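These are the residues of each chain, in order.
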Amino acid sequence: MVDYVEKLIIFISTPIYVFLILGEIILSNWHNRKLYTVGDTIQNLYLMISNMGIDVLMRGITLFVLLFFFDYRLITWDTHSWYYWTLLFLAEDFIFYWIHRIDHMVRFFWAIHVTHHSSERFNLTTGFRSSVFQPVYRFIWFIPLVFLGFEAFDIFIMYSITQTYGILVHTKAVKKMGVLEYVLVTPSHHRVHHASNVEYLDKNMGMILIVWDKLFGTFQAEIDELPIQYGLYEKKIDNNPANVIFHEWVSIYKDVRKTKGLKNKWLYVTKPPGWSHDGSTMTSKELRDHIKAQKE
């Protein structure tokens, strides 16, 4: 059943993606904005295919683990009810917010997620610029949903639906969306998320609902007077395929190797990106605090 529904989602969404991407390419060139380059687009597709390959390999393991924990569920639902699917959507969007936040706040997970942020361009194909190895551990975050009584197959289906929306917000073509800005993750919100400006770093982690960011202090509106710069903060990387995926792992290895003391070595893996034992580099929060102190 889940395989059929996911194929249906792909069947419906693929022509929509193609139509919108072609439209964005034509409009961006018409207005001389040139949001796309051949090299960047090929790289986005390469990362998507790499992610999909690992995802296919992990599907059986993920499903086995989720079905194993199904015997321990705390609640039983009417799976055909509207409130079941509404609560699953809310629970999964909430879980995604924390997955995404941890991806940004723990350097081990950032080393996996960083590929998604490594492009200096922002367009619809950036949404396909996947965190290649995330399918290896993603199932861990779904286990609480099974405990809450949601079916493993339904979790897969809802994830596919929310991912479809998550791709569509990767665009400069849509400006602010009025009242929707208060509830949904809009293209404006997600542009902020991909920015390398200090003021924008590690903000707007939600997939569909922006309310989680507003509740937990990670929200930042797009500022008209602060043009967004894309890519990684103070870092340019060699765009060869292997380096795009593994460059942060290499950086972690170098930091751990040159640092004395097991505690500091461990902290280089588990602290936020930018943390250093001697203050030579700073996290996003430290950078913002530093700028704030300079202004006072």
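Along every chain, residues carry numbers that run from 1 in the direction the sequence is written. Given that the model is predicted, a residue must reach a pLDDT of at least 70 before its local features are reported, and side-chain atom pairs must reach 80 or more before they are shown or counted; all residues, however, enter totals for whole chains, interfaces and linings. Here the side-chain values reflect all heavy atoms present in the structure, with hydrogen atoms and water set aside.

Visitor: Help me out: how do you make sense of the side chain of H116 in this one?
Guide: Note that H116 resides in the loop between α4 (107-113) and α5 (138-147). Using a relative accessible area of 10% as the deciding quantity, one classes H116 as buried. At a separation of 2.6 Å, a polar atom in the side chain of H116 contacts the main-chain carbonyl oxygen of R129. In this structure the side chain of H116 is engaged in a polar contact, spanning 3.2 Å, whose partner is the side chain of H194. Throughout, a residue-residue contact means that at least one pair of heavy atoms, one from each residue, lies within 4.5 Å. Once you skip the residues sitting within four places of it in the chain, H116 turns out to touch T126, G127, R129, S131, H170, H190 and H194. Numbering of helices and strands runs from the N terminus; a helix is a DSSP stretch of H or I covering at least four residues, while a strand is a stretch of E covering at least two. Only protein chains enter the accessibility calculation, which uses a 1.4 Å probe. A residue is then buried if its area is under 20% of the maximum for its type, exposed if over 50%, and partly exposed in between. Polar contact is defined as a pair of N or O atoms within 3.5 Å, subject to the rule that within protein one atom must be able to donate a hydrogen and the other to accept it, and that residues adjacent in sequence are counted only when both atoms are side-chain atoms.

Visitor: Just to check I follow, could you spell out the nonpolar core for this structure?
Guide: Burial of nonpolar side chains together is a common tendency in soluble globular proteins. With 29 residues, the main nonpolar core has L66, F142, L145, F150 and I155 as its most contacted residues. At the level of secondary structure, the elements contributing two or more residues to this core comprise α2 (38-69), α3 (82-105), α5, α6 (152-168) and α9 (241-258). Ignoring any residue separated from it by four or fewer positions in sequence, one finds L145 in contact with A91, E92, I95, F150 and I155. Throughout this description, the term nonpolar core refers to a set of buried Ala, Val, Leu, Ile, Met, Phe, Trp, Tyr and Cys residues connected via side-chain atoms within 4.5 Å. Counting 8 residues, the second largest nonpolar core, distinct from the first, contains L35, Y36, M48 and I167.

Visitor: Looking at this structure, I do not really get the packing of aromatic side chains. What am I missing?
Guide: How two aromatic rings sit relative to each other is given by the distance of their centres and the angle of their planes. Aromatic contacts are taken between Phe, Tyr and Trp rings whose centres are within 6.5 Å, Trp giving its six-membered ring; a plane angle under 30 degrees counts as stacked, one over 60 as edge-to-face, and the others as tilted. Under the defined criterion, the tally for this structure stands at 19 aromatic pairs. With centroids separated by 5.2 Å and ring planes inclined at 90°, the aromatic side chains of F108 and F109 adopt a geometry described as edge-to-face. Residue classification places F108 among the partly exposed residues on the basis of a relative accessible area of 33%. The class of F109 is buried, set by a relative accessible area of 18%. Ring centres 5.0 Å apart and planes at 70° place the aromatic pair Y268 and W275 in the edge-to-face group. As far as the burial class goes, Y268 and W275 line up, both buried.

Visitor: Even after reading the chapter, I still don't get a nonpolar patch on the surface, so can you show me in this structure?
Guide: Patch membership requires over 30% relative accessible area and the absence of a salt bridge. Like charges are linked within 9 Å, and nonpolar side chains (Val, Leu, Ile, Met, Phe, Trp, Tyr) within 5 Å. To be clear on the numbers: accessible area is Shrake-Rupley with a 1.4 Å probe, and residue cover counts the displayed protein chains and nothing else. Salt bridge, as used here, is a side-chain nitrogen of Lys or Arg placed within 4 Å of a carboxyl oxygen of Asp or Glu. A cluster of nonpolar residues, V174, M177, V179, L180, Y182 and V183, forms a patch on the protein surface that exposes about 540 Å² of accessible area. You can see L180 is positioned in the loop between α6 and α7 (187-193). The exposure class of L180 is partly exposed, given its relative accessible area of 37%.

Visitor: Sorry, what's going on with the pattern of salt bridges here?
Guide: Here the structure, examined in full by the defined rule, presents 9 salt bridges. Note that R107 is salt-bridged to E248, the shortest N-O span being 2.7 Å. On the criterion of sequence distance, the pair formed by R107 in helix α4 and E248 in helix α9 is long-range, its members being 141 residues apart. What emerges from the salt-bridge pattern is a single network uniting R107, E248, D255 and K258.

Visitor: Help me understand the packing of α3 against α5, please; the structure alone is not making it clear to me.
Guide: Helix-helix packing is described using two parameters, namely the angle between the two axes and the distance between the axes. What counts as an axis is a line fitted to C-alpha atoms, over the stretch in contact for a helix, and the angles between N-to-C directions run from 0 to 180 degrees. Contact pair α3 / α5: the axes reach a minimum separation of 10 Å and the direction vectors enclose 150°. Comparing their axes, α5 and α3 come out roughly antiparallel. Here α3 runs over α5; the crossing is right-handed. Together, A91, E92, I95, I99 and I102 of α3 and W141, F142, P144 and L145 of α5 make up the contact between the two elements. Any angle from 65 to 115 degrees is called roughly perpendicular, while one under 35 is roughly parallel, one over 145 is roughly antiparallel, and all others are oblique. Definitions for this section: a left-handed crossing has its near helix turned counterclockwise from the far helix by less than a right angle. A right-handed crossing has that turn clockwise.

Visitor: Which parts of the structure should I look at to understand α9?
Guide: An α-helical turn contains 3.6 residues, so a residue and the one three or four places further along point in the same direction. Compared with the 26 Å implied by 1.5 Å per residue over 18 residues, the 26 Å span of α9 between its first and last C-alpha is a close match. At H247, α9 shows its largest bend, some 50°. Within α9, burial applies to V244, I245, H247, E248, I252 and D255. Against the buried residues of α9 lie α2, α4 and α10 (262-270). One fewer than the residue count of a helix, multiplied by 1.5 Å, yields its expected span. To get the bend at a given residue, fit one axis to the seven residues ending there, fit another to the seven starting there, and take the angle between those axes.

Visitor: How do you make sense of unusual backbone geometry when you look at a structure like this?
Guide: What is expected of a backbone is that most residues other than glycine have negative phi and most peptide bonds are trans. Even without glycine at this site, D202 takes up a positive phi of about 60°. Examined against the element boundaries, D202 turns out to sit in the loop between α7 and α8 (211-216). Judged by relative accessible area, which is 17%, D202 ranks as buried. At N204, a residue that is not glycine, the phi angle is positive and equals roughly 55°. Mapped onto the secondary structure, N204 falls in the loop between α7 and α8.

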